[in-house]
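# Geometric and topological summary
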Amino acid sequence: MKIRAMIVDDEPLARKRIHLFLRDEPDLEIVGECAGGAEAIEQIGRHNPDLLFLDVQMPEVSGFDVLRALPADHWPMVIFVTAHDQHALEAFEVHALDYILKPFKLSRFRQALQRARQNLNAQDVKGQNRRFREWLLAQEETAYPSRLTIKSGEHTVFVEVSDVDCIEAAGNYAILHVGGTNHILRETLANLEAKLSPKRFLRVSRSAIVNLDRIKAVQPATRGDHVVILKNGKEFTLTRGVREVQQRLESL
Amino acid sequence: MGSPGIRVVPDILIYLVTMSACVAFAHSRKSQERERRAIELEAHLAQAKLQALRMQINPHFLFNTLNAISTLIHTNPHTADEMITDLSELFRASLENSDDQEIPLSRELELLRRYLAIEQRRFGQRLEVEQNVDPEILNALVPPLILQPIVENAIRHGIESRADFGRIVVHAGRDGNQVKLSVSDNGKKPVDASIMENQRQGIGLANTQARLQQLYGKGQSFSIGNGALGGWTVEIKMPFCPAPNTKPVI
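Values in this document were obtained by computation on a predicted structure and should not be read as measured data. (Residues numbered from 1 in each chain as written. Chains lettered and ligands numbered in written order. Predicted model: local features only at pLDDT ≥ 70, side-chain atom pairs only at ≥ 80, totals over all residues.)

### Brief notes about the overall build of chain A
What chain A contains, in helices and strands, is eight helices and 15 strands. The long-range share in chain A, meaning contacts at least 24 apart out of those at least 6 apart in sequence, stands at 52%. (Helix = DSSP H or I, 4+ residues; strand = E, 2+ residues; numbered from the N terminus. Contact = placed C-beta atoms within 7 Å.)

### With respect to the interface of chain A and chain B
Listed per partner, the contact involves 28 residues of chain A and 24 residues of chain B. Sorting the residues of the side of chain A that touches chain B by element identifies α1 (12-22), β6 (147-152) and α7 (189-195) of chain A as the ones contributing at least two each. Considering each element in turn, the side of chain A that touches chain B owes the most residues, six residues, to α1(A). Residue composition of the side of chain A that touches chain B, grouped by class: 14 nonpolar, six polar and eight charged. (Nonpolar A, V, L, I, M, F, W, Y, C, P; charged D, E, K, R; others polar.)

### A short note on the sheet that holds strand β3 (residues 51-54) of chain A
Residues and elements named next belong to chain A. Pairing in this open sheet of five strands is parallel, and the strands run β2-β1-β3-β4-β5 from one edge to the other. Across the chains shown, the open sheet's two edge strands, defined by having one partner strand only, are β2 (28-34) and β5 (98-101). Between one strand and the next, the sheet's axes are offset by a mean angle of 20 degrees, whatever the strand orientation. Across four bridges, strand β4 (residues 77-82) lies against β5 in parallel orientation. Residue pairing across strands places Ile79 opposite Asp98, the latter belonging to β5. Against the sheet, helix α5 (residues 106-120) touches β1 (3-8), β3, β4 and β5, its axis set at about 170 degrees to β5. (Pairing = 2+ DSSP bridges. Axes fitted to C-alpha atoms, helices over the stretch in contact; angles between N-to-C directions.)

### Some thoughts on the sheet that holds strand β10 (residues 181-185) of chain A
Two orientations exist for strands paired in a sheet by backbone hydrogen bonds: parallel and antiparallel. Residue and element names in this part refer to chain A. A sheet is described by the order of its strands in space; here five strands give the open sequence β10-β9-β8-β12-β11, paired in antiparallel fashion. In this open sheet, the two strands that pair with only one neighbour each are β10 and β11 (201-205). Neighbour to neighbour, the strand axes of the sheet diverge by 20 degrees on average, direction disregarded. Sheet analysis places strand β9 (residues 173-178) next to β10, joined by five bridges and oriented antiparallel. By the bridge assignment for β10, Leu176 is matched with His183.

### What about helix α4 (residues 105-123) of chain B?
The end-to-end C-alpha separation of α4(B) is 26 Å, in line with the 27 Å expected for 19 residues at 1.5 Å each. For α4(B), the complete set of buried residues consists of Leu105(B), Glu108(B), Leu111(B), Leu112(B), Tyr115(B), Ile118(B), Glu119(B), Arg121(B), Arg122(B) and Phe123(B). (Expected span 1.5 Å × (residues − 1). Buried ≥ 20, exposed ≤ 12 C-beta atoms within 10 Å, placed from the backbone.)

### A look at unusual backbone geometry
All names here are of chain A. A cis amide bond links Lys102 with the next residue in sequence, Pro103, at an omega value of -10 degrees. Topologically, Pro103 is positioned in the loop between β5 and α5. Within the chain, Asn48 stands out as a residue other than glycine whose phi angle is a positive 50 degrees. With respect to the helices, strands and loops of the structure, Asn48 is situated in the loop between α2 (37-47) and β3. We note that Glu60 has phi near 65 degrees; this positive angle belongs to a residue other than glycine. Within the secondary structure, Glu60 is located in the loop between β3 and α3 (63-69). Assessed through the 19 C-beta atoms surrounding it within 10 Å, Glu60 is described here as partly exposed.

The following block contains the structure:
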């Protein structure tokens, strides 16, 4: 059985290098190549690879974000390929697979592959992944700000992230619903989403992010869709898998 | 005691001595002032070079560039070759020992071209660069490394923050008796207003501003504002002063 591998890096020549080096490895098959984190999350879900060559520093969705977004039982083996990242070294200490620093020699690359082959037969993959995931989630808590600064005219307002009920998109603006008050920000939802911990907030659709704490119910609606109902009465149509949302709610 | 005529002489003497002391003092103060200014200018130039070096030694830039070259060696040796030369020229410019406070714009743009060539090879289709340069001002004198940090900044906050594609427009033209340089990007702006303010103000551009101020005083301006591409636009104006033609024209 071939090892099914995926390459994730935002720089085309960096992907190409791994491609070149994998040409001489008959037991490896490249099932996907992604130029960004968001694309990677989607492709990993579809192809379910055994092995991931993952760059850490990528715009908007980093290599760590990719791993955080995957369900725990779908984690592939990960080889970090990075120019320089202290986090990668720390991550490696927890999750004993490998990291390679750019630029790398063919011999070093082969060594990492060898490790992956051995690991594929190891018993403790699940345990390692669990420890790695715990480490990642611990990192995340410190990485997200606890409050947002909103400037309107001369006034600056600070909003505690935990007070935010939901956020709706309105053109180039975002409306923050905080208790009974609304704040308008000139910001895209994607940018806001990156600011908020995925443990506490969920993008339910293209135009809304909700605080998981504020969800009262998730109900079926017409045409197989589902609706998320918040404690404040607001409703949003769900455009992502309802099972995933239920899992996230259960893990709170 | 003593005639009044005798008294006058020491008075004049005292007057002359005091006067010349004052003149000498004022003169030395002026030259001290000049010296201080020259030292400050030199210090800021050194700082600009250091900043450029720091950027080149930035592991993300340096190692990703070397990684790209190491791929090209297998797939496209000619381009690899060019990229090594471009990288070397960038280092050379910041290691250069010259204390010239001004260079022709054409030289600054040449350096910029090399830097952008590297970034474009790294990012491929994801980086789009447009340069509009009025050929009439290619010989205008500008401070060395004046555009470099601004463009690097635009790339870092522009393309490196966007997963889709980054766009940078560099414009160099003449506005009456002034040279007008501007750099615009389509980078994303942070949601947090305080971060936004820091980003707007700072990031190594303080030194650029100080250098302009010292060289041209009121004859220059430096501004950062919302750009037409959605990100920031940095605009610099300084007096137009063509470089003396040192090369013999044949």
